[in-house]
Structures are given as structure tokens and as C-alpha cells.
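# Architecture and fold: a report
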Amino acid sequence: MVTSRFTDNGDARIHYLDSGGDDRGAPIVFVPGMTDIADDYIEVMPLFGRRTLVVELRGHGKSGAPASGYDLATLSGDVGAVVDAVTDGPIHMVTFSRGTSYAIAWALEHPNRVRSLAIGDYIPEERVLPSDISRFLLDGRWRGTPVSERVNEAAGMKIFEAARDRSFWEALAALELPLLVVRCGDSVLVTDEDWLRYETLFPNAHLVEFHDSPHDIFRPDRGRYPRLVKEHADRADGDR
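Now for a quick tour of the structure. Values in this document were obtained by computation on a predicted structure and should not be read as measured data.

Attention now moves to the side chain of Ser116. As for its position among the elements, Ser116 is in strand β6 (residues 114-120). A distance of 2.6 Å separates the side chain of Ser116 from the side chain of His92, its partner in a polar contact. Setting aside chain neighbours within four positions, we find Ser116 in contact with Ile91, His92, Met93, Pro178, His232, Ala233 and Ala236.

This next bit is on empty space enclosed by the protein. Evaluated as defined, the whole model comprises 2 cavities of 30 Å³ or more. Taken as a whole, the largest cavity spans an internal volume of roughly 100 Å³. Along its surface, the largest cavity is lined by 16 residues, and Pro32, Gly33, Met34, Leu57 and His60 are the ones closest to its centre. If you list the elements that add at least two residues to the lining of the largest cavity, you get β4 (52-56) and α2 (99-109).

Time to look at the pairing of strand β3 (residues 28-31). Every second residue of β3 is oriented toward a common face, with Ile28 and Phe30 on one face and Val29 and Val31 on the other, all of them buried. Two strands pair when backbone bridges link them, and β3 and β4 are joined in this way by 3 bridges, in the parallel orientation. Among the inter-strand pairings, Phe30 is bridged to a residue of β4, identified as Val54. When β3 meets strand β5 (residues 91-96), the two strands line up parallel, connected through 4 bridges. Residue pairing for β5: Phe30 is matched across the bridge by Val94.

Take the packing of aromatic side chains next. Under the criterion given, the structure shown has 9 aromatic pairs. Seen from their ring centres, Phe30 and Tyr41 are 4.8 Å apart, and the 85° between their planes marks the pair as edge-to-face. Residue Phe30 is found in strand β3, and its partner Tyr41 is found in the loop between β3 and β4; the two are separated by 11 residues along the sequence. The rings of Phe30, Tyr41, Phe48, Phe96, Phe218 and Tyr225 are connected pair by pair, giving a single aromatic cluster.

A few words now on the layout of surface pockets. Roughly 450 Å³ of volume is contained in the largest pocket. If you go around the largest pocket, you meet 24 residues; those closest to its centre are Thr35, Ser97, Leu137, Leu189 and His215. Going through the elements one at a time, α3 (131-139) and β8 (141-142) are the ones with two or more residues in the lining of the largest pocket. Of the residues assigned to the lining of the largest pocket, the class counts are 12 nonpolar, 6 polar and 6 charged. By volume, the second largest pocket is sized at about 280 Å³. Leu177, Pro178, Leu179, Asn204 and Ala205 are, among the 15 residues lining the second largest pocket, the residues nearest its centre. For the lining of the second largest pocket, the leading source of residues is helix α7 (residues 224-238), giving 3 residues. Looking at the lining of the second largest pocket residue by residue, the classes come out as 9 nonpolar, 3 polar and 3 charged.

Among the surface-exposed residues, Ile133, Phe136 and Leu137 lie close enough to one another that they form a single nonpolar patch of about 280 Å² accessible area. Take Leu137: it is sitting in helix α3. The partly exposed category is assigned to Leu137, whose relative accessible area is 32%.

Its 15 residues give helix α1 (residues 72-86) an end-to-end C-alpha distance of 22 Å, which sits within 8% of 21 Å, the value for a rise of 1.5 Å per residue. The set of residues buried in α1 consists of Leu72, Leu75, Ser76, Asp78, Val79, Gly80, Ala81, Val82 and Val83. The distance from a side-chain oxygen at the start of α1 to the backbone nitrogen of Ala73 is 3.3 Å, and the residue carrying that oxygen is Asp71.

With that out of the way, let us pick up the nonpolar core. In this structure, Met93, Ile119, Tyr198 and Tyr225 are the most contacted members of the largest nonpolar core, which totals 71 residues. No other element matches α2, which puts 6 residues into this core. Discounting residues that sit within four places of it in the chain, Ile119 has contacts with Thr95, Thr100, Ile104, Leu172, Leu179, Leu180, Val181, Val182, Tyr198 and Tyr225.

What counts, and at which threshold
- Residues numbered from 1 in each chain as written.
- Predicted model: local features only at pLDDT ≥ 70, side-chain atom pairs only at ≥ 80, totals over all residues.
- Heavy atoms only, no water.
- Helix = DSSP H or I, 4+ residues; strand = E, 2+ residues; numbered from the N terminus.
- Polar contact = N/O pair within 3.5 Å; in protein donor to acceptor, adjacent residues only side chain to side chain.
- Contact = heavy atoms within 4.5 Å.
- 1 Å grid on protein atoms, 1.4 Å probe; cavity = no way out; pocket = protein on both sides within 12 Å on 5 of 7 lines; lining within 4 Å.
- Points joined across faces, edges and corners; volume = space filled by probe spheres on them.
- Buried < 20%, exposed > 50% of the residue type's maximum accessible area, 1.4 Å probe, protein only.
- Pairing = 2+ DSSP bridges.
- Phe/Tyr/Trp six-rings, centres within 6.5 Å; stacked < 30°, edge-to-face > 60°.
- Nonpolar A, V, L, I, M, F, W, Y, C, P; charged D, E, K, R; others polar.
- Patch = residues over 30% accessible without salt bridge, like charges linked within 9 Å, V, L, I, M, F, W, Y side chains within 5 Å.
- Areas by Shrake-Rupley, 256 points an atom, 1.4 Å probe, with all protein chains shown as cover.
- Salt bridge = Lys/Arg side-chain N within 4 Å of Asp/Glu carboxyl O.
- Expected span 1.5 Å × (residues − 1).
- Core = buried A, V, L, I, M, F, W, Y, C linked by side-chain atoms within 4.5 Å.

Here it is in C-alpha cells:
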């Protein structure tokens, strides 16, 4: 049964979902995208095949939205707070979209804790968005509901404003983690040039294209990415 839980990172109360069950020695920790909330994933959590945690970063959903603390280091600390709340051992890290930046930042600080990594339609970078695009995203809708019902508006703007352009490509490649990367059809976030860079820097990675998906790679098949992650995590455990 999926349980709603909380932990703390500094002055922020961080919400996460916990599927419970057998973690098989290393649970899944999933960091979703900018306009996601944890409840979006209740239905698919069992498909990951082991105990799964879905992180709700500060300013999102049921997590707190303090007045400050929206830089990369603090948001990656939100990820770490959830990890440390449930285990002091290894995990399988899974990401989607902009959540990738914060998950990778934590992984680079704790390489011995990460058994595998799966990235959903994003690249290993933190990116600055133009202010008009940030505003458009926060004023829009995602998965049928207004983003304003998902993300605290002030917190969302602070997240975008605190971002800095920075690359994790080389540092991530140096870790030599088992890597799964999925991109959607006609992706604007993972270009053909980015895809080639993945192929070059990560020659052993499992690279998969969902040609019929938009950026929301959970459409049209909600379970396709989680099933791939399950296989990827099982392989990583078996190769140890």
C-alpha cells in the first residue's frame, strides 16, 4: 500500500510517497519533473518491481514552500533527505525531466550510494530558462490540472531564478553507473546532438526512444518507462 510520508531538510518539510514492500537491497528513488506532484505516480509505483519512493521537492504538492532555499544544492538536499529517511544503503535513482538535475547533483555527491541511474527525457545539465518560458510553464496546465494547483507559484519562480547553466556530462560519465536513458519522439530537450553525446560518453548505456510519446513519456503507455526501469535495476543488481 502506498503511504504518504514526510521528512525534513532544513526548514522545509519534504513530502514523499513510499510504496513499501521488498526493496531487494536497493529501493527505487524517483525524482519527477518541475510540474509534477508525487500523486501523479501512485498508479505506476508497483510497476517498478520493488520498494519505490517518489520525491516531492519543496514548493511542490504537499511539501513545504519556505521563503528561501531553491538553489541546486538545496533541492538536491531534498532528494537526499528522502533517501536518508528510508535507507543508509544503496538506491536506484530514477528521474524525469527537470528533476534530473537535482537527482544527478545528489548522485555526484554520493556515488557509492547509487547502484544505477535512469533518466527520462532530459540531459545531465542544469539549465536556465528564459523568464517568459518559466512564466508560461507556471501559468499553464499539466496532466489536466493547472500548474498553480501543483506548484507554489512563488516557490516555482524561485526555483527557476536560482538555476544556473552547468554541465554534469563528464562528471557523470566518470562514475560509470549502469545508465538507462529514454527520450520522446521529436524531443526538444534531448536533441539528436545530445543523443549522440550520450552514445559517445556512455557506450554501455541502454538508450531507448519512445517515438509515440510527447515530453510526458508516461503517455500513451503509463507503464512503459517504469517497466524499463525495473529491468534496468534488476540487471544492475545481477551484475554486482
